[in-house]
Amino acid sequence: MREISAQEIAAAVEQLCVEANRQLPESLEELISAGARQEASPIARPVMEDLCRNLQAARELKIPICQDTGMAVVFAQVGQEVHINGDFEQAVNEGVRRGYVNGLLRCSVVKDPLRRGNTGDNTPAVLHVRLVPGDKLRLTVAPKGFGSENMSRLHMFTPAAGEEEIVSFVAETMQEAGGNPCPPVVLGVGIGGDFELCALLAKRALCRDVAQRNPDPYYADLEARMLAAVNETGVGPQGFGGSVTALAVNIEAYPTHIAGLPVAVNVGCHVTRHKSVEL
């Protein structure tokens, strides 16, 4: 049995919060640069070039990529041979608190969904924990801005729905969103499970490297078709029109009930951020 202290977890989460907000995954930044070269619209191309300059400025000045530094979503894969010395959830929230306060990140979490009132330190985080084999603890922090989160959708299809209907649902989600989620976007699509699991699958999909296609060729092809359909909407960078509306579509699938076909689309903006560490 391997022991990991709550203090070590808090320190790791603190660092991940700051680093995730300051620098995009390299593969996503490469797609944004490629999009700037590919965009043919004379209005949209300078917008893409501005996004590239913004990423460079954030790196040089060591400031957040976006003013909305998001609600902290934390994925934890806990090895079955790990013993956590201390309160795990408390340690995660302490790391978020220190990351956002000490890192001078905008705190956007309210105490109650209806009565509001800012918590002042961006806690609590949204925490997802999975037990996995081994003696390691893998933490992923994915700060989620709500300009894009608000555009997300979930639909409980019946098994009679075909592939084209699902592809259309994804494209329509972006068509209705327009410029609100700060496109070009990354889309996480969850297919299967039940009502809540398909939404979680979509969120997990946003944390997959955009350079990696689904390992199942069937779903890899469906990702490509969805990406093409979204880019054919013409929403374009920041909603100004053009051909680069989405940078990537990532699908995660799971078995489901014979009577159902849940599909969730979690919309991520052009700064779909996430950073991981293994302890």
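These remarks concern the structure in this document. Computed from a prediction, not measured in an experiment: that's the story for all the values here.

Conventions used here
- Residue numbering note: each chain is counted from 1, following its sequence as written.
- Residue-level local features of this predicted model are given only where pLDDT is at least 70; pairs of side-chain atoms are given and counted only at 80 or more, and the full residue set underlies all totals for whole chains, interfaces and linings.
- Working from all heavy atoms in the structure, the side-chain values ignore hydrogens and water.
- Here a strand is any run of E in DSSP of at least two residues, a helix any run of H or I of at least four, and the numbering for each starts at the N terminus.
- As defined in this context, the radius of gyration uses C-alpha atoms, and a globule is described by 2.2 Å times the residue total to the power 0.38.
- The rule is simple: take the accessible area with a 1.4 Å probe, protein chains only, and divide by the maximum for that residue type; under 20% is buried, over 50% is exposed, in between is partly exposed.
- Every residue pair with non-hydrogen atoms within 4.5 Å of one another is taken to be in contact.
- A 1.4 Å probe and the Shrake-Rupley method give the accessible areas. Residues count as covered only by the protein chains that appear here.
- Counted as positive: Lys and Arg. Counted as negative: Asp and Glu. His and the chain ends are not counted at all.
- For the purpose of locating charges, the reference atoms are NZ of Lys, CZ of Arg, CG of Asp and CD of Glu.
- The criterion for strand pairing is that DSSP finds at least two bridges linking the strands in question.
- Angular values range over 0 to 180 degrees, each being the angle between N-to-C directions of two axes fitted as lines to C-alpha atoms, with helices fitted over their stretch in contact.
- Cavity and pocket criteria rest on a 1 Å grid covering protein atoms alone: a 1.4 Å probe that fits but cannot get out defines a cavity, protein on both sides within 12 Å along at least 5 of 7 lines defines an open pocket, and an atom within 4 Å of a point defines a lining residue.
- Grid points are joined across faces, edges and corners, and a volume is the space filled by probe spheres set on the points.

Before going further, it helps to spend a moment on the overall build of the chain. What the chain contains, in helices and strands, is 8 helices and 10 strands. Over its C-alpha atoms the chain spans a radius of gyration of 19 Å, differing by no more than 12% from the 19 Å that the globule rule assigns to 279 residues. C-alpha extents for the chain along the principal axes are approximately 50 × 50 × 40 Å. In the chain, which comprises 279 residues, the proportion classed as buried is 49%. When contacts within the chain are restricted to residue pairs at least 6 apart in sequence, long-range pairs at least 24 apart make up 81% of them. As displayed, the chain offers around 13,200 Å² of accessible surface, 53% of which is attributable to carbon and sulfur atoms. Across the chain, the centroid of the 25 positively charged side chains sits 6 Å from that of the 34 negatively charged ones.

Okay, the sheet that holds strand β10 (residues 275-278) next. Sheet architecture is open: 4 strands sit in the order β4-β2-β5-β10, paired in mixed fashion. Strands with a single pairing partner mark the edges of an open sheet, and in this sheet they are β4 (126-132) and β10. Each adjacent strand pair in this sheet contributes to an overall mean axis angle of 15°, direction not counted. As paired elements, strand β2 (residues 71-79) and strand β5 (residues 137-144) share 8 bridges and run antiparallel to each other. In the strand pairing of β5, phenylalanine 75 is matched with threonine 140. Relative to the sheet, helix α7 (residues 195-206) contacts β2, β4 and β5, its axis offset from that of β2 by approximately 90°.

Another point: empty space enclosed by the protein. Summed over the entire model, instances satisfying the criterion amount to 3 cavities of 30 Å³ or more. In this structure, the largest cavity occupies an estimated 70 Å³ of space. Every residue along the wall of the largest cavity is listed here: Val73, Ala142, Pro143, Lys144, Lys203, Leu206, Cys207, Thr272, Arg273 and His274. Secondary-structure elements contributing two or more residues to the lining of the largest cavity are β5 and α7.

What follows concerns the sheet that holds strand β9 (residues 261-268). Ordered in space as β6-β9-β7-β8, the 4 strands form an open sheet in which the pairing is mixed. What marks the edges here is a single partner per strand, and that holds for β6 (153-157) and β8 (246-256). Taken over all neighbouring pairs, the strand axes of this sheet differ in orientation by 15° on average, direction set aside. As paired elements, β6 and β9 share 5 bridges and run antiparallel to each other. When the bridges of β9 are listed, histidine 155 appears paired with valine 263.

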